[in-house]
Amino acid sequence: MNMGKIASVENMYGHGQRTTLKMVYGENRGGEEVLDICEEHEIPLVPYFSLFTSMPKKDDRISAIAKKYHVSEAQVNIAWLLHRSPWILPIPGTSQLKHFEENLKAGEIELTEEDMQFLNPPTP
Ligand SMILES: NC(=O)c1ccc[n+]([C@@H]2O[C@H](COP(=O)([O-])OP(=O)(O)OC[C@H]3O[C@@H](n4cnc5c(N)ncnc54)[C@H](OP(=O)(O)O)[C@@H]3O)[C@@H](O)[C@H]2O)c1
């Protein structure tokens, strides 16, 4: 059997959970470890649980950037993914139309390099 090309990688990844999450029943593979490989081979990284794992952590840096641009913390999380790499395709899930509309607007946020450095402390 021939192996086809890899079309995309779907790993758990978000600002609040960038690396592999080890739990009693196994591992949820993180995105940070494979992002360089995805970029090198031009493979989109589709991150799941990017808000689910990040929002409850109430990160002070996310909160500061949200205040700076008068946007929500969810929007900063999504904007961070969009700025982190052009190979990341965010798929924020929601059960609320209000959140869906809010999440769409995250694409309009323009983070500076300084913002990105501020948002990138040691990997959690
Ligand atoms: N491959 C896999 O193993 C895997 C695993 C998980 C998910 N997925 C897929 O990934 C896609 C995304 O799902 P996900 O669970 O990963 O989504 P997610 O990005 O982690 O977001 C979902 C969570 O964020 C909350 N949320 C969304 N927008 C928000 C906002 N603006 N403000 C505050 N909270 C907000 C949602 O609550 P509300 O509903 O209240 O908005 C929900 O609790 C789905 O298609 C899913 O099937 C794949």
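Residues numbered from 1 in each chain as written. Predicted model: local features only at pLDDT ≥ 70, side-chain atom pairs only at ≥ 80, totals over all residues.

Caption draft 1: Structural view of the overall build of the chain. When helices and strands are counted, the chain shows five helices and two strands. Of the regular secondary structure in the chain, the N- to C-terminal order runs β-β-α-α-α-α-α. Over its C-alpha trace the chain gives a radius of gyration of 15 Å, about what one expects of a compact globule, namely 14 Å for 124 residues. By principal-axis analysis of the C-alpha atoms, the chain measures approximately 55 × 35 × 30 Å. With 124 residues in all, the chain has 28% of them scored as buried. When contacts within the chain are restricted to residue pairs at least 6 apart in sequence, long-range pairs at least 24 apart make up 63% of them. (Helix = DSSP H or I, 4+ residues; strand = E, 2+ residues; numbered from the N terminus. Rg over C-alpha atoms; globule rule 2.2 N^0.38 Å. Buried ≥ 20, exposed ≤ 12 C-beta atoms within 10 Å, placed from the backbone. Contact = placed C-beta atoms within 7 Å.)

Caption draft 2: Local environment of unusual backbone geometry. Phi is positive for Phe-49, close to 55°, though the residue is something other than glycine. Mapped onto the fold, Phe-49 is located in the loop between helix H1 (32–41) and helix H2 (60–69). If you check the backbone angles, His-70 has positive phi at about 55° while not being a glycine.

Caption draft 3: Quick peek at the site of the ligand. The environment of the ligand is formed by 18 residues, the closest being Leu-51, Phe-52, Ala-74, Gly-93 and Thr-94. A per-element tally of the shell around the ligand places helix H4 (residues 97–105) first, with three residues. In the shell around the ligand, the residues fall into eight nonpolar, eight polar and two charged. (Near = placed C-beta within 6 Å. Nonpolar A, V, L, I, M, F, W, Y, C, P; charged D, E, K, R; others polar.)

Caption draft 4: Region of the structure containing the nonpolar core. Residues Leu-45, Ile-65, Val-76, Ile-78, Ala-79, Trp-80 and Leu-81 are the most contacted members of the largest nonpolar core, which totals 17 residues. Elements represented by at least two residues in this core include exactly H1, H2 and helix H3 (73–84). At six residues, H3 tops the list of elements feeding residues into this core. In this view, Ala-79 contacts Ala-106, Ile-109 and Leu-111; residues no more than four positions away in its chain are not counted. (Core = buried A, V, L, I, M, F, W, Y, C linked by C-beta atoms within 7 Å.)

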